[in-house]
2 protein chains.
Amino acid sequence: MDTLVPYTPQQPKSRLGAILSGQERTAFARVMLEDVLNAVREAGGDPTVLTTERLRDLAVPQVVDERPLSPAVNAALDPPMAVVMADLALATRASLGRTFDVSADLGIVPGRGGGTNVLIVRDAAFSVDYHGNSLADHRAIAAEQDLDCREIDSFRLSTDIDEPVDLAEVLLHGTGRAPTWLREHGVRLQTSDGRVCVVRSDE
Amino acid sequence: MDTLVPYTPQQPKSRLGAILSGQERTAFARVMLEDVLNAVREAGGDPTVLTTERLRDLAVPQVVDERPLSPAVNAALDPPMAVVMADLALATRASLGRTFDVSADLGIVPGRGGGTNVLIVRDAAFSVDYHGNSLADHRAIAAEQDLDCREIDSFRLSTDIDEPVDLAEVLLHGTGRAPTWLREHGVRLQTSDGRVCVVRSDE
């Protein structure tokens, strides 16, 4: 499965600013990207990074497009093709493999909060619109084009890493380099009576 | 699959207090419980509600136990048995069916933030400990008892409904009565540039 992985190296992951510095966010975003690329390859995918700026030292084909996410993805989309977000740090061979296997015109793994984390596009009538509640928009585009649409139920792939609370999920469930990177940078779990959260201790 | 569904009718879902009154939270928790019971039955499960107080007008067997969650579940646990939380408002026949099919000694669907949302217990050596980071505790108990443990990857079942932001997921993905109840009570999605959230408008 040809797989686009969109990536923006400039000032990524700003909502992690309470835990990580700007330079650290750039480094962590790159670690997550590489975890995602590894998981895509392990699942039998053939990744291309769609980036706003050429990345050094990356042994994966790149397409450089400076435009915002939606026009850049639509220009590169050539079905059958998957589009996998670069911050899915919990992605594994099994979760992506189950998704690649979906044979509908359109497969969607929703992200939390109405996002779209993975698309499997098998019909060229589909185009993406990532702005706002993209899940609703993608459902609507599929309906307008009379496409058979299937949603895939995966915690791992629904968990995009945007906010400090999401880092707890990386520490609890990550299988790539991202959880190791976090631990090396002093980010650790803190358990209270409710959900687990993260704190940073650089001692 | 015999399935315990633990439930506390007294002052449930306090963290939804910013959106719902106390009386509404009690009503909404009951609606979610009934959605979960329906999904369990549709998946071929045979539910029993483990409750701290007998519930009226519920056509499902009940076990009343006033103790905290963990001792109450351990007293009622009789493998093979599933334990399914009562606030999994996104549960469906498919997501629970996939979970019931797991044949390992122990199946776990993690909840976000280190919780345990569903357990499939096939070995009587296992006991529950829901306090704190229960996922880590349940993994440790399984390892101590040398049990074969399998985690199931489901967004629907990993999403327990505790906080206002979780209500967005009910509106986006719920298939039972819970999303209808929320809409009838003026809870609706609001889309900003980031994740979707909910607001309440009682006009």
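Here goes a summary of the coordinates provided. Predicted model only: the values in this text are computed from it and were never measured.

## Some thoughts on the sheet that holds strand β6 (residues 115-121) of chain B
Residue and element names in this part refer to chain B. Read from one edge of the open sheet, seven strands run β3-β2-β1-β4-β6-β5-β7, paired in mixed fashion. Because the sheet does not close on itself, it has two edges, and the strands there are β3 (62-64) and β7 (149-151). Within this sheet the neighbouring strands show an average axis-to-axis angle of 25°, counted without direction. As defined by bridge partners, strand β1 (residues 2-7) adjoins strand β2 (residues 46-51) across six bridges and the pair is classed as parallel. Bridging from a neighbouring strand, Thr 3 pairs with Pro 47 of β2. Each of β1, β4 (81-84), β5 (106-111) and β6 touches helix α3 (residues 93-100); the most contacted strand, β6, lies at about 55° to it.

## Focus: helix α2 (residues 69-76) of chain B
Residue and element names in this part refer to chain B. When α2 is considered as a whole, its buried residues turn out to be Ser 70, Ala 72 and Val 73. The buried residues of α2 all sit within an arc of 165° when viewed along its axis, so they share a single face. In this structure, the buried residues of α2 make contact with β1, β2 and β4.

## What about the nonpolar core?
Side chains of nonpolar character tend, in soluble globular proteins, to be buried together. Within the largest apolar cluster, 47 residues are counted, with the highest numbers of intra-cluster contacts made by Leu 33, Val 49, Val 83, Leu 88, Leu 96, Leu 119 and Phe 126 of chain B. Not counting the four nearest positions on each side in its chain, Val 83 of chain B is found in contact with Leu 4, Pro 6, Val 73, Leu 77, Asn 117, Val 118, Leu 119 and Tyr 130 of chain B.

## A word on unusual backbone geometry
Residues and elements named next belong to chain A. The amide bond that connects Pro 79 to the next residue, Pro 80, takes the cis arrangement and shows omega of -5°. Looking at the element boundaries, Pro 80 is found in the loop between α2 (69-76) and β4 (81-84). Even without being a glycine, Lys 13 presents a positive backbone phi close to 55°. Within the secondary structure, Lys 13 sits in the loop between β1 (2-7) and α1 (22-42).

## Remarks on the pairing of β5 of chain B
All names here are of chain B. Within β5, six of the six residues are buried, which leaves it mostly tucked inside the rest of the structure. Judged by which residues are buried, β5 turns out to be covered on both faces: Leu 106, Ile 108 and Pro 110 on one side and Gly 107, Val 109 and Gly 111 on the other are all buried. Bridge analysis of β5 against β6 gives six bridges, and the strand direction is antiparallel. Residue pairing in the sheet places Val 109 in a bridge with Val 118 of β6. The turn linking β5 back onto β6 is made up of three residues, and Gly 113 within it adopts a positive phi angle of 75°. Relative to β7, β5 runs parallel, the two being bridged by three bridges. Across the sheet, residue Leu 106 finds its bridge partner in β7, namely Cys 149.

Rules behind the numbers
- In every chain, residue numbers begin from 1 and rise along the written sequence.
- For naming, the first written chain is A and the first written ligand is 1, with later ones following in the order written.
- Two thresholds apply to this predicted model, a pLDDT of at least 70 for residue-level local features and 80 or more for giving and counting side-chain atom pairs, whereas whole-chain, interface and lining totals are computed over all residues.
- Only hydrogens and water are set aside when side-chain values are computed; all heavy atoms of the structure are taken into account.
- If DSSP finds at least two bridges between two strands, the strands pair.
- Secondary structure counts use DSSP, requiring at least four H or I residues in a row for a helix and at least two E residues in a row for a strand, with both numbered from the N terminus.
- Axes, fitted as lines to C-alpha atoms, cover a helix only where it is in contact. Angles between the N-to-C directions of the axes lie from 0 to 180 degrees.
- Whether two residues touch is decided by their heavy atoms; if any such pair falls within 4.5 Å, the residues are in contact.
- Only protein chains enter the calculation, and the probe is 1.4 Å; a residue is then buried if its accessible area is under 20% of its type maximum, exposed if over 50%, and partly exposed in between.
- In this context, the arc is that of the directions from the helix axis out to the C-beta atoms.
- We define a nonpolar core as any set of buried Ala, Val, Leu, Ile, Met, Phe, Trp, Tyr and Cys residues linked to one another through side-chain atoms lying within 4.5 Å.

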